[in-house]
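Notes for the structure review
Listed below, chain by chain, are the residues.
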Amino acid sequence: MILGIDIGGTKTSVCAGGADGKILLARRMESHPERGPGNWMERLFAMADQMLAEAEIDLRQIRTVGISAPGPLSVRSGVLLSPPTMTGWETVPIVAPIKKHF
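Keep in mind that what you see is a predicted model, and the values were worked out from it rather than measured.

1. A short note on the sheet that holds strand β6 (residues 79-80)
If you walk across this open sheet you meet the three strands as β5-β6-β7, and the pairing is antiparallel. Sheet topology places β5 (73-74) and β7 (92-93) at the edges, where each strand pairs with a single neighbour. Looking at chain direction, β5 and β6 are connected through two bridges and run antiparallel. Within β6, the residue paired with serine 74 across the bridge is valine 79.

Below, the structure is given as structure tokens:
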């Protein structure tokens, strides 16, 4: 099972699919970057967890997580540096918390 996360200034999408590339389910939420990265992360995890629970997909079935995010960012450190569409998000770790959760 593959999980995809698309982070944007206005919306964030999550989808789950098989190794064949077929999307099995997807959800979307407003990003609300003005509420801060902590609020966004909590809502992302809640949305993804609910989506996976509804589809009866156990977190242990997730083998890969792909993340699309606005730049500038550091791929090496997994950090959003200062995306212009997400004012106030300066040096925000994205990969580590997502990796830890999933």
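2. Observations concerning the nonpolar core
Grouped together as the largest cluster of nonpolar side chains are 24 residues, with contacts concentrated most on Leu44 and Ile94. Of all the secondary-structure elements, those providing two or more residues to this core are β1 (2-7), β2 (11-17), β3 (23-30) and α1 (37-54). Per-element tally for this core: the top contributor is α1, with eight residues. Excluding anything up to four places from it in sequence, leucine 44 contacts Ile5, Thr12, Val14, Met29 and Ile98.

3. A look at the packing of aromatic side chains
Summed over the entire model, instances satisfying the criterion amount to two aromatic pairs. When the ring of tryptophan 40 is compared with that of tryptophan 89, the centres are 5.7 Å apart and the planes differ by 70 degrees; the resulting orientation is edge-to-face. Of this pair, tryptophan 40 sits in helix α1 while tryptophan 89 sits in the loop between β6 and β7, and the two are 49 residues apart along the sequence. Each member of the pair, tryptophan 40 together with tryptophan 89, is buried. Taken together, a centroid distance of 5.8 Å and an interplanar angle of 80 degrees make the contact between phenylalanine 45 and phenylalanine 102 edge-to-face. You can see phenylalanine 45 sitting in helix α1 and its partner phenylalanine 102 sitting in the segment after α2 (95-101), a full 57 residues away along the chain. When its relative accessible area of 14% is taken as the criterion, phenylalanine 45 is described as buried.

4. Some words on unusual backbone geometry
The step from glycine 71 to proline 72 runs through a cis peptide bond, and the omega angle for that step is 5 degrees. Here proline 72 shows up in the loop between β4 (64-68) and β5. We note that histidine 32 has phi near 50 degrees; this positive angle belongs to a residue other than glycine. Tracing the sequence through the fold places histidine 32 in the loop between β3 and α1. If you check the backbone angles, threonine 91 has positive phi at about 55 degrees while not being a glycine. For threonine 91, the position within the fold is in the loop between β6 and β7.

Reading the values: rules and limits
Residues numbered from 1 in each chain as written. Predicted model: local features only at pLDDT ≥ 70, side-chain atom pairs only at ≥ 80, totals over all residues. Heavy atoms only, no water. Pairing = 2+ DSSP bridges. Helix = DSSP H or I, 4+ residues; strand = E, 2+ residues; numbered from the N terminus. Core = buried A, V, L, I, M, F, W, Y, C linked by side-chain atoms within 4.5 Å. Buried < 20%, exposed > 50% of the residue type's maximum accessible area, 1.4 Å probe, protein only. Contact = heavy atoms within 4.5 Å. Phe/Tyr/Trp six-rings, centres within 6.5 Å; stacked < 30°, edge-to-face > 60°.

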